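Chain residues, written in single-letter form:
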Amino acid sequence: MGNSPKHIAVYTKIVADKLLERGYDEETIFRGTAFDASLLQEEAPMVEAADNLGFFEHAADLTKNDLIGFQLSQGQDNRRIGLISYVGLASPNVLEFLLNYGRYVRVVSDVFDGDLSRLKDQGLMSWRYRIPSNIERRQYVEYSVTVLLNTLRHYTGTKLVPRHVGFEHQRKDHVEVLEEFYGCKIMFGAECNSFEFKKADLELPLISADEQLLKVLRGYGDQVLAEKKGEHVGLIPEVEQAIADQLAAGGASLDAVATELGMSPRTLSRKLANRDTTFFRVLEDLRKSLSKSYLRDSDLALAEIAFLLGFSGLSSFNDAFKRWTGQSPGQFRAV
């Protein structure tokens, strides 16, 4: 597993500390996870991304609280994650904070895939995590995004309110709690995670701005990025993303996905075979994972879910879901 994509686990460590403060013992906190109490002694642990995000879902299960990520993020800023935070905070304004954050996030994550190409002109930043779809990420995303907004509010001295927030994951409960904090509508089940800011807010100065420090940190960050250049997060997450982009347009085919990834269908099939899988298996696993999420965390009608998953109709979706789980979609949702 040494080649598995890594992601910084500082937030995971903070959450473990918070659970200790709430009275949970170390054995209970770490049971069933990839971690043990040694995590609490590490300064900036880098761990497999799946283990990192999974710990947040474990915390939600342990506390029986599906807002735990959001709640534990209150009062937190992102200085604990090191370089990318400080290079952001040394920037002159919100725009440069976000641009520098996006540029250097690769220092602490192999799976963060951000798009800031529309930030300057449209105030829009978006991102995804290039990890298999069956890895739950709701708690981590709500934690980390809330911390990011906390940080911007604190260092601008304002109650910065985005125009719009989008999350890939689904949520049907407690939406109003998050919208009250963010101050805007949130679209769950969006194509990607996103923030949209007013152009005037992007120009807000940071009280932590330091031009000389910024030059030093950028130099160091560029050196680290150069050392990481060429590292790759893996084929299967890329295939899954290409499939997800095409599903609602009428399904995804091997030919279309291979073309999007810049290779022939035969080459893609061979590369997947080298990873002990097939295009059909990746497609099925993605549909299965997405279907469970839609049924559990959204109020979408079954026909809408069938459409989003690229099925020709509700009956074919029902048949596939029964094959995957032994239950009908309606039975699964009712549990």
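In this text, all values refer to a predicted model and were calculated from it rather than measured experimentally.

Reading guide: rules and limits
- Residues numbered from 1 in each chain as written.
- Predicted model: local features only at pLDDT ≥ 70, side-chain atom pairs only at ≥ 80, totals over all residues.
- Heavy atoms only, no water.
- Pairing = 2+ DSSP bridges.
- Helix = DSSP H or I, 4+ residues; strand = E, 2+ residues; numbered from the N terminus.
- Axes fitted to C-alpha atoms, helices over the stretch in contact; angles between N-to-C directions.
- Contact = heavy atoms within 4.5 Å.
- Buried < 20%, exposed > 50% of the residue type's maximum accessible area, 1.4 Å probe, protein only.
- Parallel < 35°, antiparallel > 145°, perpendicular 65-115°, else oblique.
- Left-handed = near helix turned anticlockwise from the far one by under 90°.
- Core = buried A, V, L, I, M, F, W, Y, C linked by side-chain atoms within 4.5 Å.
- Domains from an automatic or database assignment.
- Buried area = accessible area lost by both parts, 1.4 Å probe.
- Salt bridge = Lys/Arg side-chain N within 4 Å of Asp/Glu carboxyl O.
- Polar contact = N/O pair within 3.5 Å; in protein donor to acceptor, adjacent residues only side chain to side chain.

**Some thoughts on the sheet that holds strand β5 (residues 164-167)**
One open sheet holds the five strands; their spatial order is β3-β4-β7-β5-β6, and the pairing between them is mixed. With one partner strand each, in any of the chains shown, β3 (112-115) and β6 (186-188) form the two edges of the open sheet. In this sheet, adjacent strand axes meet at a mean angle of 15 degrees when their direction is disregarded. Each of β5, β6 and β7 (193-196) touches helix α9 (residues 175-182); the most contacted strand, β6, lies at about 140 degrees to it.

**Description of unusual backbone geometry**
Notably, Lys64 is not glycine yet its phi reads approximately 55 degrees, a positive angle. Note on Lys64: relative accessible area 76%, which makes it exposed. A positive phi is found at Asp276, a non-glycine position, where the angle reads about 60 degrees. Note on placement: Asp276 falls in the loop between α14 (265-273) and α15 (279-297).

**Remarks on the pairing of strand β4 (residues 124-129)**
Counting buried positions along β4 yields six of six residues, so the element is predominantly enclosed. Side chains Leu124, Ser126 and Arg128 project from β4 onto one buried face, and the interleaved Met125, Trp127 and Tyr129 project onto a second face that is buried too. Judged from the four bridges that link them, β3 and β4 form a sheet pairing that is antiparallel. In the sheet register, Gly114 faces β4, and the bridge partner there is Trp127. Where β4 lies against β7, four bridges are found, and the strand directions are antiparallel. Residue pairing across strands places Leu124 opposite Glu196, the latter belonging to β7.

**A closer look at the packing of helix α8 (residues 138-156) against α9**
Their axes nearest at 11 Å, the elements α8 and α9 cross at an angle of 20 degrees. Between α8 and α9, the crossing angle belongs to the class labelled roughly parallel. The handedness of the crossing between α8 and α9 is left-handed. Only Leu178, Phe181 and Tyr182 of α9 make contact with α8, whose side of the interface consists of Glu142, Val145, Thr146, Leu149, Asn150 and Arg153.

**Comments concerning the nonpolar core**
Soluble globular proteins tend to bury their nonpolar side chains together. With 76 residues, the main nonpolar core has Leu98, Phe167, Tyr182 and Phe195 as its most contacted residues. Counting residues per element, this core draws most heavily on α8, which supplies nine residues. Those residues in contact with Leu98 that sit more than four places away from it in its chain are Leu116, Leu119, Met125, Leu152, Phe197 and Leu202. Judged by nonpolar contacts, the second largest core, of 15 residues, contains Ala242, Ala252, Met263 and Leu283.

**Topic: the domain arrangement of the protein**
Partitioning the protein into domains gives domain 1 (66-225) and domain 2 (234-334). Facing the twelve residues of domain 1 at the interface are 16 residues of domain 2. Taken together, the two surfaces of domain 1 and domain 2 that pack against each other cover about 1,200 Å², and 42% of this comes from carbon and sulfur. When the buried area of domain 1 at its contact with domain 2 is split by residue, Ser133, Gln170 and Lys172 rank highest and sum to 51% of it. Run the count over domain 1 and domain 2 and you get two salt bridges. The partner of Glu136 in a salt bridge is Arg296, and the shortest N-O contact between them spans 2.7 Å. Our count for the contact surface shared by domain 1 and domain 2 stands at four residue pairs in polar contact (both at pLDDT 80 or more).

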